[in-house]
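Analysis of the macromolecular model
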Amino acid sequence: DLLDGIPKDIPPVDLGARPFDPNDFSGRGVEGGVAGGVVGGTGEVPDRPWVLAGTEGGVEGGGGGVFTTEAVEEPAAILVQQAPRYPPAYEAAGIAGYAVLQFVVDSTGRVEPATVTVLEATHAPFGEAAARAIVQSRFRPGRYHGEPVRQLVRQRVRFEVLP
């Protein structure tokens, strides 16, 4: 019978249980938890909560771990951004669009070229143009405990035809 494994009873409610506290749900994990998500929050908590990102280009090597935006105290910020070259055929046709890039900003504020990945693009030439331009950009590096660190960044680049 298909219904044999489905519970049919409502579990008991403990009225003496501690009420829900929204402060317990910050999105940054729980006390005693670890980055790997060990059930029960057991295990050693690392000093540096980085993510070893799965992108290509040696993200795991060289300058140490790669931090996510959520893990840093001060996220990387754009200082100088190279404007991407609008693909001529798309500009002439009045076609707008965007590209979403992911890349690593190193501890000096430079984009690591081998880590640039186009995650999404309305048209492939927009992704290519955005990727070429982002490598020329400069950032204030992300900071963790006051120290500059490598950070994984996602950025949307819009292409709009101006009148």
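Residues numbered from 1 in each chain as written. Predicted model: local features only at pLDDT ≥ 70, side-chain atom pairs only at ≥ 80, totals over all residues. Heavy atoms only, no water.

**A word on the pairing of strand β3 (residues 97–105)**
Threshold: Each residue gets one of three labels from its accessible area relative to the maximum for its type: buried under 20%, exposed over 50%, partly exposed in between, using a 1.4 Å probe on protein chains only. Where helices and strands are cited, they refer to DSSP runs of H or I of at least four residues and of E of at least two residues respectively, numbered from the N terminus. In this scheme, strands are said to pair when DSSP sees at least two bridges between them.
The buried fraction of β3 is high, at nine of nine residues. Residues of β3 alternate between two faces, with Gly97, Ala99, Leu101, Phe103 and Val105 on one and Tyr98, Val100, Gln102 and Val104 on the opposite face, all of them buried. Bridge count for β3 against strand β7 (residues 147–159) is nine bridges, and the pairing is antiparallel. From the neighbouring strand, Gln102 faces β7, where its bridge partner is Arg154.

**Concerning the confidence of the model for the protein chain**
Definition in use: pLDDT is a per-residue confidence score from the predictor, ranging from 0 to 100. Here a residue-residue contact requires only that any non-hydrogen atoms of the pair lie within 4.5 Å.
When pLDDT is averaged along the protein chain, the result is 78, and 69% of the positions lie at 70 or above. Contacts from residues 52–63, a stretch scored under 50 in pLDDT, to residues over four places away or in other chains number 20 contacts.

**Examining helix α2 (residues 124–134)**
Turning to α2, its buried residues number three or more, namely Phe126, Gly127, Ala129, Ala130, Ala131, Ala133 and Ile134. On its buried face, α2 sits against α1 (88–92), β3, β4 (117–121), β5 (138–140) and β7.

**As for the nonpolar core**
Heads up, the condition is: The definition of a nonpolar core used throughout is a set of buried Ala, Val, Leu, Ile, Met, Phe, Trp, Tyr and Cys residues joined through side-chain atoms within 4.5 Å.
Counting residues in hydrophobic clusters, the biggest one holds 17 residues, and the most contacted among them are Leu101, Phe103, Ile134, Phe139 and Phe159. Broken down by secondary-structure element, the contributors of at least two residues to this core are β3, α2 and β7. The leading source of residues in this core is α2, at five residues. Not counting residues up to four positions away in its chain, the partners in contact with Phe159 are Pro84, Arg85, Tyr86, Pro87, Ala96, Gly97, Tyr98, Phe126, Ala129 and Ala130.

**Examining unusual backbone geometry**
Glycine aside, the phi torsion of most residues is negative, and most peptide linkages are trans. Phi at His145 takes a positive value of approximately 55°, unusual for a residue other than glycine. Take His145: it is sitting in the loop between β6 (142–144) and β7.

**Description of the environment of Phe103**
Among the structural elements, Phe103 can be located in strand β3. Sequence spacing of Phe103 and Val116 is 13 residues, and the spatial spacing of their C-alpha atoms is 4.4 Å. For Phe103, the contacting residues outside a window of four places in its chain are Val111, Thr115, Val116, Ile134, Phe139, Gln151, Leu152, Val153 and Gln155.

**A few points about the packing of aromatic side chains**
For clarity, the threshold we go by: Each pair of aromatic rings taken from Phe, Tyr and Trp, with Trp reduced to its six-membered ring, is defined by centres within 6.5 Å and is described as stacked if the planes are under 30 degrees apart, edge-to-face if over 60, and tilted in the remaining cases. Sitting over a ring, as applied to charges here, requires NZ of Lys or CZ of Arg to be within 6 Å of the ring centre and within 35 degrees of the ring normal.
Tallying each qualifying case throughout the model produces six aromatic pairs. Where Tyr86 meets Phe126, the ring centres are 5.7 Å apart and the plane angle is 90°; that geometry is what we call edge-to-face. Taken as a pair, Tyr86 in the loop between β2 (77–80) and α1 and Phe126 in helix α2 lie far apart in primary sequence, 40 residues in all. Here Tyr86 matches Phe126 in class, with each residue buried. Between Phe126 and Phe159 the ring centres are 4.4 Å apart and the planes differ by 15°, which places this aromatic pair in the stacked class. Taken together, the residues Phe126 in helix α2 and Phe159 in strand β7 connect sequence positions 33 residues apart. Taken as a pair, Phe126 and Phe159 share a single burial class, namely buried. If you follow Arg156 out to its NZ or CZ, it ends over the ring of Tyr98, 3.8 Å from the centre.

**Details of the side chain of Gln151**
As a reminder of what qualifies: In protein, a polar contact requires one atom able to donate a hydrogen and another able to accept it; more generally it is a pair of N or O atoms within 3.5 Å, and residues adjacent in sequence count only if both atoms are side-chain atoms.
Residue placement: Gln151 occurs in strand β7. Of note is the side chain of Gln151, whose polar atom sits 3.1 Å from the side chain of Thr69. With sequence-adjacent residues up to four places away left out, Gln151 is seen in contact with Val66, Phe67, Thr68, Thr69, Val72, Glu74, Pro75, Ala76, Phe103, Val104, Val105 and Gly142.

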